[in-house]
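Examination of the molecular architecture
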Amino acid sequence: MPTLSLVQGDGTYTLGGGAQPLLLDADGNPRAQIWLERDGDGGLGMPQLRRLAERGPSQHGASDRGFRLAPRTIDLVFGVAATTYSDLWDARQALLAMLTPTDDALALRWDLDNGQSRQIDVYFADGATMEGKDRRGYLQRVAVQFAAPDPTFYDPTPVAVTFGASGASSGMAVPLLIPWKFGASSITQARAIAYAGSWRSQPIITISGPIASPVITNQVDGAKLDFTGTTLTAGQTMTVDTRYGLKTVIDQAGANKISALATGSNLAFALLAHPQAPGGTNTIQVNGTGIGSATEVYMTFYTRYIGF
């Protein structure tokens with residue numbers, strides 16, 4: 001049975017996969033328990049999508065112009081049980097505190113029977129009204145609806161890959177980071193990344209100086225982040241966040257530097273999944289001049305999935 005957890009800031013709360021403690025007494029014994037009665041009504045597999053089409057005045061049928069994924073809605077129903085009314089009211093308050101709406105995303109994580117995990121960023125959307133008709137004695141049924149603007153799931157386990165270049169010190173294996181270290185005064189270096197996801201992953205890329213006119217290109221689709229004309233000295237950085245709903249470029253002080261991107265750059269830059277990238281292989285090329293021993297390029301990403 002998959003185990004469902006709610007990830008809220010730095011806290012992780014197990015809410016499903018058999019009865020789980022919701023409140024503990026001073027001796028560590030459960031005062032109230034919670035379990036998942038219905039999992040993901042509305043679907044955890046393929047999200048809804050709509051195809052785009054257009055038709056000329058004399059055209060039969062239509063011309064397909066691609067598709068767009070719709071936001072995902074996830075409906076969950078929980079059972080909460082206690083042995084006294086006092087504990088039940090405390091349990092209700094504890095659950096409501098977890099679900100209190102904010103502008104910050106929560107995450108739902110399913111740990112699956114095959115040893116894999118799938119996580120999705122969500123916002124509380126509806127439910128948890130704790131109506132009397134849903135309460136029987138010390139048992140409360142709680143229906144909750146979450147909205148996921150980005151309908152794809154991701155593996156929360158960090159990806160750790162190291163790249164090095166001839167003449168430079170080897171990179172450090174840092175979770176979620178893919179560093180390139182360079183040993184010449186200029187660089188034109190390509191690396192093949194084997195991407196196992198079923199949906200594209202939009203990375204965070206940090207460029208640390210010294211480097212002049214850095215350009216990062218995915219050779220599969222030609223998407224590039226082109227900073228031609230920009231020079232970073234030692235200690236300066238440029239961080240490009242291409243993730244869903246963000247699309248920012250900032251320097252080491254947090255100042256907006258999106259204007260440094262040259263014409264033709266694409267903030268939809270992503271690691272592509274098969275079949276867009278045959279076999280999931282993405283060849284990423286880094287170009288730049290005026291580099292030194294401190295020059296590094298880091299790419300951070302999660303492996304994303306269309307559903308599970």
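Being a predicted model, the structure only gives us computed values, none of them experimental. (Residues numbered from 1 in each chain as written. Predicted model: local features only at pLDDT ≥ 70, side-chain atom pairs only at ≥ 80, totals over all residues. Heavy atoms only, no water.)

**Concerning the side chain of T206**
Short version of the rule: In this text, helices come from DSSP runs of H or I with a minimum length of four residues, and strands from runs of E with a minimum of two, each type numbered from the N-terminal end. Should any heavy atoms of two residues lie within 4.5 Å, those residues are counted as being in contact.
With respect to the secondary-structure elements, T206 resides in strand β15 (residues 204-208). Ignoring sequence-local partners within four residues, the contact set of T206 consists of T237, M238, T239, E296, V297 and Y298.

**As for the packing of aromatic side chains**
Each aromatic ring pair is specified by the distance between its two centres and by the angle formed by the two planes. Cut-off, in case you're wondering: Geometry of aromatic contacts follows a simple scheme: Phe, Tyr and Trp rings, the Trp one being its six-membered ring, pair when their centres are within 6.5 Å, and the pair is stacked under 30 degrees between planes, edge-to-face over 60, tilted otherwise. Classification of residues uses two cut-offs on accessible area relative to the type maximum, computed with a 1.4 Å probe and protein chains only: under 20% is buried, over 50% is exposed, and between them is partly exposed. Geometrically, a charge over a ring is one whose NZ (Lys) or CZ (Arg) sits within 6 Å of the ring centre while staying within 35 degrees of the ring normal.
Under the defined criterion, the tally for this structure stands at seven aromatic pairs. Note on F153 and F308: the rings are 4.9 Å apart at their centroids and 85° apart in plane angle, and the pair reads as edge-to-face. Linking F153 in strand β12 (residues 153-155) with F308 in the segment after β23 (303-305), this pair joins segments that are 155 residues apart in sequence. Overall, F308 belongs to the partly exposed group, its relative accessible area being 34%. Here Y195 and F301 contribute two aromatic rings whose centre-to-centre distance is 6.1 Å and whose plane-to-plane angle is 65°, an arrangement assigned as edge-to-face. Linking Y195 in the loop between β14 (186-194) and β15 with F301 in the loop between β22 (296-300) and β23, this pair joins segments that are 106 residues apart in sequence. Here Y195 falls in the buried class, since its relative accessible area comes to 4%. Through a chain of ring-to-ring contacts, three or more aromatic side chains come together here, namely W110, F153 and F308. One residue, R200, lies across the ring of W199, its end atom 4.6 Å from the ring centre.

**Some words on helix α1 (residues 85-99)**
In an α-helix, one turn spans 3.6 residues; hence positions three or four apart end up facing the same way. To keep things clear, this is the line we draw: For a helix, the expected span equals 1.5 Å multiplied by the number of residues minus one. Note: the arc covers the axis-to-C-beta directions of the helix.
In a regular helix each residue adds 1.5 Å, so 15 residues correspond to 21 Å; α1 covers 21 Å between its end C-alpha atoms and thus fits that length. The set of residues buried in α1 consists of D87, L88, A91, R92, A94, L95, M98 and L99. For α1, the angular spread of the buried residues around the axis is 165°, confining them to a single face.

**Some words on unusual backbone geometry**
G209 connects to P210 through a cis peptide bond whose omega is 10°. Inspection of the secondary structure assignment puts P210 in the loop between β15 and β16 (211-218). Although it is not a glycine, A128 sits at a positive phi angle of roughly 55°. Its identity as a non-glycine residue notwithstanding, S213 has a phi of 50°, on the positive side. By the secondary structure assignment, S213 is in strand β16.

**Some words on the layout of surface pockets**
Heads up, the condition is: In this analysis, the protein atoms alone were mapped onto a 1 Å grid. Cavities are point sets where a 1.4 Å probe fits without being able to get out; pockets are open sets with protein on both sides within 12 Å along at least five of seven lines; lining residues have an atom within 4 Å of a point. Grid points are joined across faces, edges and corners, and a volume is the space filled by probe spheres set on the points. In the scheme used here, Gly and all other residues not listed as nonpolar or charged are polar, with Ala, Val, Leu, Ile, Met, Phe, Trp, Tyr, Cys and Pro taken as nonpolar and Asp, Glu, Lys and Arg as charged.
Empty space within the largest pocket amounts to approximately 880 Å³. Taken together, 30 residues form the lining of the largest pocket, with D150, Q202, R243, Y244 and R304 sitting closest to its centre. Those elements that provide at least two residues to the lining of the largest pocket are β6 (63-69) and β9 (117-127). The dominant element in the lining of the largest pocket, judged by the number of residues it contributes, is β6, at four residues. Of the residues in the lining of the largest pocket, the class split is 18 nonpolar, six polar and six charged.

**Points about the pairing of strand β20 (residues 248-251)**
Note the threshold: Strands were regarded as paired on the criterion that DSSP finds at least two bridges between them.
Side chains of β20 alternate between two faces, with V249 and D251 buried and T248 and I250 left unburied. As judged from the four bridges shared by strand β19 (residues 237-241) and β20, these two strands associate in the antiparallel manner. Paired with D241 across the bridge in β20 is T248. In this structure, the hairpin formed by β19 and β20 is closed by a connection of six residues, where G245 is found at a positive phi of approximately 80°.

**Digging into the nonpolar core**
This is how the line gets drawn: Only buried residues count toward a nonpolar core. Its members are Ala, Val, Leu, Ile, Met, Phe, Trp, Tyr and Cys residues joined through side-chain atoms within 4.5 Å.
Counting residues in hydrophobic clusters, the biggest one holds 32 residues, and the most contacted among them are L76, V80, L95, L108, W110, I120 and F146. Breaking this core down by element, the ones donating at least two residues are β1 (3-8), β3 (20-24), β4 (30-41), β7 (72-82), α1, β8 (106-111), β9 and β11 (139-148). A per-element tally of this core places α1 first, with six residues. Ignoring any residue separated from it by four or fewer positions in sequence, one finds I120 in contact with R72, I74, L106, A107, L108, W110, A148, D150, P151, T152, F153 and Y154. Judged by nonpolar contacts, the second largest core, of 27 residues, contains V159, L261, F269 and I284.

**What about the pairing of β3?**
In this sheet, β4 lies alongside β3 in antiparallel orientation, the contact comprising four bridges. Bridged to Q20 within β4 is I34. In sequence, β3 turns back onto β4 through a hairpin of five residues, with G28 there showing a positive phi of about 85°.

**Some details on the environment of P275**
Residue placement: P275 occurs in the loop between β20 and β21 (281-289). Residue P275 is classed as exposed on the basis of its relative accessible area, which comes to 56%. Along the backbone, P275 and T233 are 42 residues apart, and their C-alpha atoms lie at a distance of 39 Å.

**Considerations on a nonpolar patch on the surface**
The following threshold applies: For patches, a residue must show more than 30% relative accessible area and have no salt bridge; joins then use 9 Å for like charges and 5 Å for nonpolar side chains, namely Val, Leu, Ile, Met, Phe, Trp and Tyr. Using a 1.4 Å probe, accessible areas were evaluated by the Shrake-Rupley method; residue-level cover was limited to the displayed protein chains. Criterion for a salt bridge: a side-chain nitrogen of Lys or Arg within 4 Å of a carboxyl oxygen of Asp or Glu.
A cluster of nonpolar side chains, Y85, W89 and Y138, forms an exposed patch at the surface whose accessible area comes to about 320 Å². The residue Y85 is located in helix α1 in this model.

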